[in-house]
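# Examining the three-dimensional arrangement
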Amino acid sequence: MRTSIALLGLAAAMGGPAAAQPAYPGWQAGAVIDITAASRELALGQRPRGLALGHSEVAVTGPIGDLLEAQGTLSVHSEDKRVEAEVEEAWLQTRALPAGLQVRAGRFSSQLGYLNEQHSHSDDFVERPLLYRAFLGGHYFDDGVRVNWTAPTDLYLRLGAEWFAGTRLVQEAASPSRRGVVVLSARTGGDLGSSQSWQAGLSYLHNPREAAVEEHEEEEEGEEHDHAHGAAFAGRRMWVGELAWKWAPEGNNARQQLRVAYEIARVSGLNRFATRADRHLAQYLSVVWRFAPTWEAGVRHDLLRTRTPHEDQFEDGRLRETALMLAWKPSHAQTLRVQYTHQRSRAGFDEATRALQLQYILSFGAHAAHSF
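Residues numbered from 1 in each chain as written. Predicted model: local features only at pLDDT ≥ 70, side-chain atom pairs only at ≥ 80, totals over all residues. Heavy atoms only, no water.

## A short note on the overall build of the chain
Counting its secondary structure elements, the chain contains three helices and 17 strands. Looking at the chain residue by residue over its 372 residues, the buried ones come to 48%. Here the analysis covers contacts within the chain between residues at least 6 apart in sequence; of these, 61% occur between residues at least 24 apart. (Helix = DSSP H or I, 4+ residues; strand = E, 2+ residues; numbered from the N terminus. Buried < 20%, exposed > 50% of the residue type's maximum accessible area, 1.4 Å probe, protein only. Contact = heavy atoms within 4.5 Å.)

Spelled out as structure tokens, the structure:
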């Protein structure tokens, strides 16, 4: 934590007075305001009922000489009817290592899965898929180190390895002395003619911290529980497969585009009593169509199956979620989105409901380019 705060302070300092000095040109700052209004809070939802501040942020980014770049992001959101702020990103990254290598250190988002590394204000739906909300607390970032290698080939290929402290994934552990999360990832992609592009990936997370059973018991009893960062359903091993495909006439997505994304995840090693049959599964399929320059519509269907541990006993959970979305984007900096979500529970999720959500996103200044 001290390292992350120090890095953020460095980034802020470089983005202020130092940005005007010839030795450190190119520093930029940006901000995002995310406001939502919801008729109800969804099961495993991260948008409370009523008017609330969503994932808003202030960020600074830029180079440090020719060899390094840095970024600092302060996020602000509503939590339990309070407005809370925390350091979400504070990292240094190499710019000129040979052989396609890149190293990042500090606090940053893991490359696990398709959406996790992206900021939520760039998502196509108000809430992230059940896969992320259940297994990663919506968005997993932590203090650690990353090493990436990008192959010198026409076909995009990137291999990555990350080590994190792990306390933000499982906040209350049965064995607090066990720490450290390792993430291995591979991603590839390319073009299919002039109008289509694709990307596929596979990620693996190893987590030695066994979640304390009391977390799940408190949640079932209806007590308040913070899902902002800790995983609601954790395990020792997690596999995530991803596939994304995009189509736009001659590659020009300004007027028309079709985006399809699919992810599937399996979590095993739930605790010391779990067998091979005791595991969590989740998957989703989303389709978004930009049918006019400023209008998009989308649908996403999610499936979640869980085995909630109570020492050596496990209970089944089944949750389905379907979301329909319509978004108006009058400019690159603004999004007005309305979404209807219907949840159905077969077991374990009595709080499943239907909700209507309205979201407004406004961006200022510079922002990093969005991922594929």
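## Quick notes on the pairing of strand E3 (residues 56-64)
Most of E3 is tucked away: seven of the nine residues are buried. Relative to E3, strand E1 (residues 28-38) is paired through five bridges, and the arrangement is antiparallel. Bridge pairing in E3 links Ala29 to Val60. As defined by bridge partners, E3 adjoins strand E4 (residues 68-79) across nine bridges and the pair is classed as antiparallel. The residue bridging Ser56 from the neighbouring strand is Val76, located in E4. In sequence, E3 turns back onto E4 through a hairpin of three residues, with Gly65 there showing a positive phi of about 70°. (Pairing = 2+ DSSP bridges.)

## Digging into the side chain of Glu242
Considering the arrangement of structural elements, one finds Glu242 in strand E11 (residues 237-247). With a relative accessible area of 6%, Glu242 lands in the buried category. A polar contact is formed between the side chain of Glu242 and the backbone nitrogen of Tyr114, at a distance of 3.4 Å. Look past the residues within four positions of Glu242 in its chain and what remains in contact with it is Gly113, Tyr114, Arg187, Gln199, Ala200, Gly201, Ser203, Tyr262 and Glu263. (Polar contact = N/O pair within 3.5 Å; in protein donor to acceptor, adjacent residues only side chain to side chain.)

## Here we look at a positive patch on the surface
A contiguous patch of positive charge, built from Arg40, Arg49, Arg237, Arg266, Arg276, Arg279, Arg305, Arg320, Arg344, Arg346 and Arg354, is present on the exposed surface. You can see Arg237 is positioned in strand E11. Judged by relative accessible area, which is 32%, Arg237 ranks as partly exposed. (Patch = residues over 30% accessible without salt bridge, like charges linked within 9 Å, V, L, I, M, F, W, Y side chains within 5 Å. Areas by Shrake-Rupley, 256 points an atom, 1.4 Å probe, with all protein chains shown as cover. Salt bridge = Lys/Arg side-chain N within 4 Å of Asp/Glu carboxyl O. Lys, Arg positive; Asp, Glu negative; His and termini not counted. Charge placed at Lys NZ, Arg CZ, Asp CG, Glu CD.)

## Here we look at the packing of aromatic side chains
Within the structure shown, the criterion is met by six aromatic pairs. Ring geometry for Trp289 versus Phe291: centroids 5.4 Å apart, planes at 50°, classification tilted. Judged by its relative accessible area of 36%, Phe291 is partly exposed. Every member of this aromatic cluster is reached through a ring pair, and the members are Phe108, Tyr140 and Phe164. (Phe/Tyr/Trp six-rings, centres within 6.5 Å; stacked < 30°, edge-to-face > 60°.)

Nothing here speaks to function; it is geometry throughout.
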